[in-house]
Amino acid sequence: MAEFENFGWNVLTLGFMGTIVFTVFEAWGLYRQKKKIWSEESGKSVSVIMVAYTAALFTVMFIYGISVKKIAIVFNGGLLALMCVPILRGLWKFKGFSKLEKRMSVVLAAAVAVMPFVPFKDWFFLTLTFGNVFSLLAQPYEIWKNKDAGAVEIRLWLVFLTSTFFWVLYAFSVNDWVMKIISPAYGVINVLVIVLWLKYRR
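Small disclaimer: the values here were computed from a predicted structure and weren't measured.

Basis of the calculations
Residues numbered from 1 in each chain as written. Predicted model: local features only at pLDDT ≥ 70, side-chain atom pairs only at ≥ 80, totals over all residues. Heavy atoms only, no water. Helix = DSSP H or I, 4+ residues; strand = E, 2+ residues; numbered from the N terminus. Rg over C-alpha atoms; globule rule 2.2 N^0.38 Å. Buried < 20%, exposed > 50% of the residue type's maximum accessible area, 1.4 Å probe, protein only. Contact = heavy atoms within 4.5 Å. Areas by Shrake-Rupley, 256 points an atom, 1.4 Å probe, with all protein chains shown as cover. Lys, Arg positive; Asp, Glu negative; His and termini not counted. Charge placed at Lys NZ, Arg CZ, Asp CG, Glu CD. UniProt positions renumbered as here; feature names shortened; annotations may be inferred. 1 Å grid on protein atoms, 1.4 Å probe; cavity = no way out; pocket = protein on both sides within 12 Å on 5 of 7 lines; lining within 4 Å. Points joined across faces, edges and corners; volume = space filled by probe spheres on them. Nonpolar A, V, L, I, M, F, W, Y, C, P; charged D, E, K, R; others polar. Expected span 1.5 Å × (residues − 1). Arc of directions from axis to C-beta. Axes fitted to C-alpha atoms, helices over the stretch in contact; angles between N-to-C directions. Parallel < 35°, antiparallel > 145°, perpendicular 65-115°, else oblique. Left-handed = near helix turned anticlockwise from the far one by under 90°. Patch = residues over 30% accessible without salt bridge, like charges linked within 9 Å, V, L, I, M, F, W, Y side chains within 5 Å. Salt bridge = Lys/Arg side-chain N within 4 Å of Asp/Glu carboxyl O. Phe/Tyr/Trp six-rings, centres within 6.5 Å; stacked < 30°, edge-to-face > 60°. Lys NZ or Arg CZ within 6 Å of the ring centre and 35° of its normal. Core = buried A, V, L, I, M, F, W, Y, C linked by side-chain atoms within 4.5 Å.

Q: Sorry, what's going on with the overall build of the chain here?
A: Helix and strand content of the chain: 8 helices and 0 strands. Its C-alpha radius of gyration of 17 Å places the chain within 12% of the 17 Å reference for a compact globule of 202 residues. Principal axes of the C-alpha set define a box for the chain whose edges measure 50 × 35 × 25 Å. Counting the 202 residues in the chain, one finds 50% classified as buried. Residue pairs in contact within the chain that sit at least 24 positions apart in sequence constitute 82% of those at least 6 positions apart. Put simply, the chain shows about 10000 Å² of open surface, and 71% of that area lies on carbon and sulfur atoms. Each charge class in the chain can be summarised by its mean position, and for the 21 positive and 11 negative side chains these summaries are 7 Å apart.

Q: How should I be thinking about the UniProt feature "transmembrane region" (unreviewed entry) in the chain in this particular structure?
A: Residues given the UniProt feature "transmembrane region" (unreviewed entry) here are residues 6-25, 46-66, 72-92, 156-175 and 181-198. In residues 46-66, helix accounts for 90% and strand for 0%; the two terminal C-alpha atoms are 31 Å from one another. Annotated as 100% helix and 0% strand, the span residues 72-92 places its first and last C-alpha atoms 30 Å apart.

Q: Is there a simple way to think about empty space enclosed by the protein in this case?
A: The gaps left among the atoms become clear once a water-sized probe is rolled over them. Under the defined criterion, the tally for this structure stands at 2 cavities of 30 Å³ or more. In this structure, the largest cavity spans a volume of roughly 290 Å³. For the largest cavity, the lining is made up of 21 residues, of which Glu26, Phe58, Asn132, Phe160 and Tyr186 are closest to its centre. For the lining of the largest cavity, the secondary-structure elements that each account for two or more residues are helix H3 (48-68), helix H6 (121-146), helix H7 (154-174) and helix H8 (177-200). Counted by class, the lining of the largest cavity contains 12 nonpolar, 8 polar and 1 charged residues. In this structure, the second largest cavity occupies an estimated 70 Å³ of space. Lining the second largest cavity are Leu30, Gln33, Val46, Met50, Val51, Thr54, Cys84, Ile87, Leu156 and Phe160. Of all the secondary-structure elements, those providing two or more residues to the lining of the second largest cavity are helix H2 (11-40), H3, helix H4 (71-94) and H7.

Q: It is not clear to me how helix H5 (residues 99-114) should be interpreted in this structure. Could you clarify?
A: Residue pairs spaced three or four apart in an α-helix point in one direction, given the helix's 3.6 residues per turn. Between its terminal C-alpha atoms H5 stretches 23 Å, which fits the 22 Å expected from 16 residues at 1.5 Å a residue. The complete set of buried residues in H5 reads Glu101, Leu108, Ala111 and Val112. The arc enclosing the buried residues of H5, seen along the axis, measures out at 95°, which places them on a common side. Facing away from the buried side of H5 by more than 90 degrees, the exposed set consists of Lys99, Arg103, Val106 and Val107.

Q: Help me out: how do you make sense of the packing of H3 against H4 in this one?
A: Between two packed helices, both the angle of their axes relative to each other and the distance between the axes serve to describe the pair. Contact pair H3 / H4: the axes reach a minimum separation of 7 Å and the direction vectors enclose 155°. Here H3 is positioned roughly antiparallel relative to H4, judged by the angle of their axes. The interaxial crossing formed by H3 with H4 has left-handed handedness. Touching Val48, Val51, Ala52, Thr54, Ala55, Phe58, Thr59, Met61, Phe62, Tyr64, Gly65 and Ile66 of H3 are Ile73, Val74, Asn76, Gly77, Gly78, Leu80, Ala81, Cys84, Ile87, Leu88 and Leu91, all from H4. Of the residues in the contact of H3 with H4, the class split is 17 nonpolar, 6 polar and no charged.

Q: Teacher, can you tell me more about a nonpolar patch on the surface here?
A: A contiguous nonpolar patch, built from Phe120, Trp123, Phe130, Trp177 and Ile181 and spanning about 520 Å² of accessible area, is present on the exposed surface. Locating Phe130 in the fold gives a position in helix H6. We classify Phe130 as partly exposed; its relative accessible area is 39%.

Q: What am I meant to see in the packing of aromatic side chains here?
A: Any aromatic ring pair is given by two values, namely how distant the centres are and how the planes are angled relative to each other. What the rule picks out here adds up to 5 aromatic pairs. Positioned over the ring face of Trp144 is Lys147, at 4.2 Å from the centre of the ring.

Q: Looking at this model, I keep getting lost on the nonpolar core. Mind explaining?
A: Soluble globular proteins tend to pack their nonpolar side chains together in the buried interior. Counting residues in hydrophobic clusters, the biggest one holds 58 residues, and the most contacted among them are Leu91, Met115, Phe125, Trp157 and Met179. At the level of secondary structure, the elements contributing two or more residues to this core comprise H2, H3, H4, H5, H6, H7 and H8. Ranked by the residues each element gives to this core, the list is headed by H3, at 13 residues.

What follows is the structure, encoded as structure tokens:
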């Protein structure tokens, strides 16, 4: 494990510790999102596509982390995939899934099932992360379309934004080319969601 082999006062350790700490904060943010949906009995302005894709990607990330023996990636993917489940259940119950969203969920489930068996896990993960960029864009679009922040939990996105900084540090420290490409893109989308939430909040 690269994190333990190079543990000390360096950028790798800072990035590693930051990703672990903020994974816990991200889990808390996802819990807050789940609580908001269930307490308000509403999934308004929360993108089903974004949550479903994110849940699948976290699961694939968990499998990828095991294959490359990176603790931070395993911990982040495994914990956050679990935290997405009650959010999806709430969206199913209070908002419902369109035909497109149902079909996409089936495709995502198939991708997760295939991931352990593909030999080129890095390329497979990278392909899904690029797709996730477009799925994440569905969230700011949903807010803009409704002209209402709805049940979107802003604390989740603030945590996502802060966490992205440590993922950038970590990615460049361990020289993981997949994470080096995708982490900055996530940061830009996080900022966009926060800006639209501030504009259209109730």
